[in-house]
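As a plain string of letters, each chain reads:
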Amino acid sequence: MTIVLTPYWSAADGVQKLKLEAQPKSLPPQGLLPPAFSPALRSKTSNIEKNIFLSQLKHADVDTFYRLCLANMSEITPLIYTPTIGDACLQYSSNFRRPEGLFISINDKGKIGTILRNWPGNLHIGSRILGLGDLGVNGMPIAIGKLSLYVAGAGIRPSSTLPIALDLGTNNQAFLEDPLYLGLRQKRASQAEYDEFMEEFMTEDEYRVPKTSGPVRGLISPPQDFSTDHAFDYLARFRGRFRTFNDDIQGTGAVVLAGLVSAARLAPLQARDHRILFHGAGSAGVGVAAQLLSFFTLNGLSEQEARDRIWLVDSRGLIYSWTRKPFARNDYSGPPMTDLLDIIRYVKPTALMGLSTIKGAFTEAVIRRMASQTPRPIIFPLSNPVTLSDCTFSEALRASGGSVLFASGSPFPPENFGGRMWEPGQGNNMYIFPGLGLGSILCRASLADSLSSDERASELIYPRIERIRQISGHIAGRVIPKSWRS
């Protein structure tokens, strides 16, 4: 018998105590579950119906829910996370059935400590979710879905997780006028109120939650889904004082870096010969670009030499020095360059990263141009959800003649092309955050080393999702000693 002691905060005594965890449930006696349970899920006609079904199942029997997840990982993951989670967010207020997390609003400022009576969970602020814009409190399914993957992917106890949504108002007029909207019907707080609220939350969070609560404490208290201006500011402000992890910036960057390392091994180029073009310069795009500097510096280049090999494009075109934006180029003085195809001709990238959430931005002409400039073009359409993907796997495969090294943010099915079956890579953050914890940046190369010999032979960019627990264990094993040394 395994005895598990869980730390908790006793508000009455003002101290941390331990409680004995209940023993895990054994399998029900034979005959109490039907021989085949998953057909009930598969009978649903839409992915959002399946998402709701799984949510109800988790509430009714959490053990059966996670058994189903582990037995059908590749089928369940897209239903509880990307791409279905985008629709779950859009329909959250209308589909709401029961509370699954903690809601703290700007009106609670001054009494946040009294609200935080449980351990904090995955922190969500709904400024921008999956490229869907300002969703306000409707972004809560992101926190719920991610925590389900913490449990399924890394074996964290469900009782150790709690989703938290911080509601600071919304500037989405449709929600302000929607009678079903569950959040505050007021415009977003001012910058000063925002800062005061976040300072109070982070301080109370650190005080109220036991420091010995294992990986969950450091892993799932990240301010994320901020707008770009807030995301970098708060990460820089809090990371030296609190255990903080922003999945949009650090998680996405770590996954994409690992994918780039894997793809570069298949491309007949030296690291210094790669040139990376980002289409999309929000918090995720800039965060990924910052992480990809390591691709070059780990191969002997200076940071400036690494920066010289990265270009960013936003809604106004190629970013150059007069904009004063991150990664602005100082080697271009011509007229504004706005057409992506023209920019590709100018930059001659070997890798194209899509984080613009502009559906179809990587046209057939764009992909063909990439394939004409480099023998194995690296094309990562990372925009989520799938309805906003920069291109599909089929489009990239056929337009490149099969030479593309592909990974996307949302899942695509395998394709039969040129007499063989091709499997797409998916640069999903779930490869990182279940086993990541505080060592997110330290483990980025570890994911690239997780491919099996069979996966390498198939030229996969990422491991198959069915091995997520094995991958999480591998990453956690690399993170733990490094986090202790730091």
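Residues numbered from 1 in each chain as written. Predicted model: local features only at pLDDT ≥ 70, side-chain atom pairs only at ≥ 80, totals over all residues. Heavy atoms only, no water.

Asks: Help me out: how do you make sense of the packing of helix α3 (residues 62-71) against helix α4 (residues 73-80) in this one?
Replies: The packing of two helices is summarised by the inter-axis angle and the distance between the axes. Taken N-terminus to C-terminus, the directions of α3 and α4 make an angle of 120°; their axes are 6 Å apart at the nearest point. Classed by the angle they form, the pair α3 and α4 counts as oblique. On α4, the residues touching F65, L68, C69, L70 and A71 of α3 are M73, I76 and I80. Looking at the contact of α3 with α4 residue by residue, the class counts come to eight nonpolar, no polar and no charged. (Axes fitted to C-alpha atoms, helices over the stretch in contact; angles between N-to-C directions. Helix = DSSP H or I, 4+ residues; strand = E, 2+ residues; numbered from the N terminus. Parallel < 35°, antiparallel > 145°, perpendicular 65-115°, else oblique. Contact = heavy atoms within 4.5 Å. Nonpolar A, V, L, I, M, F, W, Y, C, P; charged D, E, K, R; others polar.)

Asks: I keep staring at the pairing of strand β6 (residues 276-279) and nothing clicks. Help me out?
Replies: When a strand is regular, its side chains alternate between the sheet's two faces. The alternating pattern of β6 places I276 and F278 on one face and L277 and H279 on the opposite face, and all of these are buried. As defined by bridge partners, β6 adjoins strand β7 (residues 310-314) across four bridges and the pair is classed as parallel. Note on β7: the bridge partner recorded for H279 is V313. For β6 and strand β9 (residues 351-354), the ladder comprises four bridges, and the chain directions are parallel. Residue pairing for β9: F278 is matched across the bridge by M353. (Buried < 20%, exposed > 50% of the residue type's maximum accessible area, 1.4 Å probe, protein only. Pairing = 2+ DSSP bridges.)

Asks: Got a minute to help me understand the pattern of salt bridges in this structure?
Replies: When the charged atoms of two side chains lie near each other, side chains of opposite charge can form a pair. The tally for this structure, following the rule as stated, stands at 13 salt bridges. We note a salt bridge from D342 to R345, for which the minimum N-O separation is 2.9 Å. With D342 and R345 both in helix α16 (residues 340-347) and three residues apart, this pair spans about one turn of that helix. Taking relative accessible area as the criterion, D342 reaches 37% and is therefore assigned partly exposed. For R398, the salt bridge goes to E415, with nearest N and O atoms at 3.4 Å. Taken together, the positions of R398 in helix α18 (residues 393-399) and E415 in strand β12 (residues 415-417) put the pair 17 residues apart, joining distant regions of the chain. Taking the relative accessible area as the measure of exposure, R398 reaches 37% and is therefore partly exposed. Among the charged side chains, a salt-bridge network with shared partners connects E423, D454 and R464. (Salt bridge = Lys/Arg side-chain N within 4 Å of Asp/Glu carboxyl O.)

Asks: Teacher, can you tell me more about the packing of aromatic side chains here?
Replies: Scanning all chains against the criterion turns up eight aromatic pairs. Look at F65 and Y66: their rings are 4.7 Å apart centre to centre, the planes differ by 75°, and that puts the pair in the edge-to-face class. Using a relative accessible area of 2% as the deciding quantity, one classes F65 as buried. The exposure class assigned to Y66 is buried, which follows from its relative accessible area of 10%. (Phe/Tyr/Trp six-rings, centres within 6.5 Å; stacked < 30°, edge-to-face > 60°.)

Asks: Explain the nonpolar core to me, please; I cannot follow it from the model alone.
Replies: Note on soluble globular proteins: their nonpolar side chains tend to be buried together. Counting residues in hydrophobic clusters, the biggest one holds 33 residues, and the most contacted among them are I276, F278, L292, I310, M353 and F380. The set of elements that each furnish at least two residues to this core consists of α13 (247-266), β6, α14 (283-297), β7, β9, β10 (378-381) and β11 (405-408). For this core, the element with the highest residue contribution is α14, accounting for seven residues. Here I310 is in contact with I276, F278, A289, L292, L293, F296, F327 and R329, once residues within four sequence places are set aside. Counting residues in each nonpolar core, the second largest holds 28 residues, with L277, L318, I344 and I379 among its members. (Core = buried A, V, L, I, M, F, W, Y, C linked by side-chain atoms within 4.5 Å.)

The values reported here are purely geometric and, on their own, carry no functional implication.
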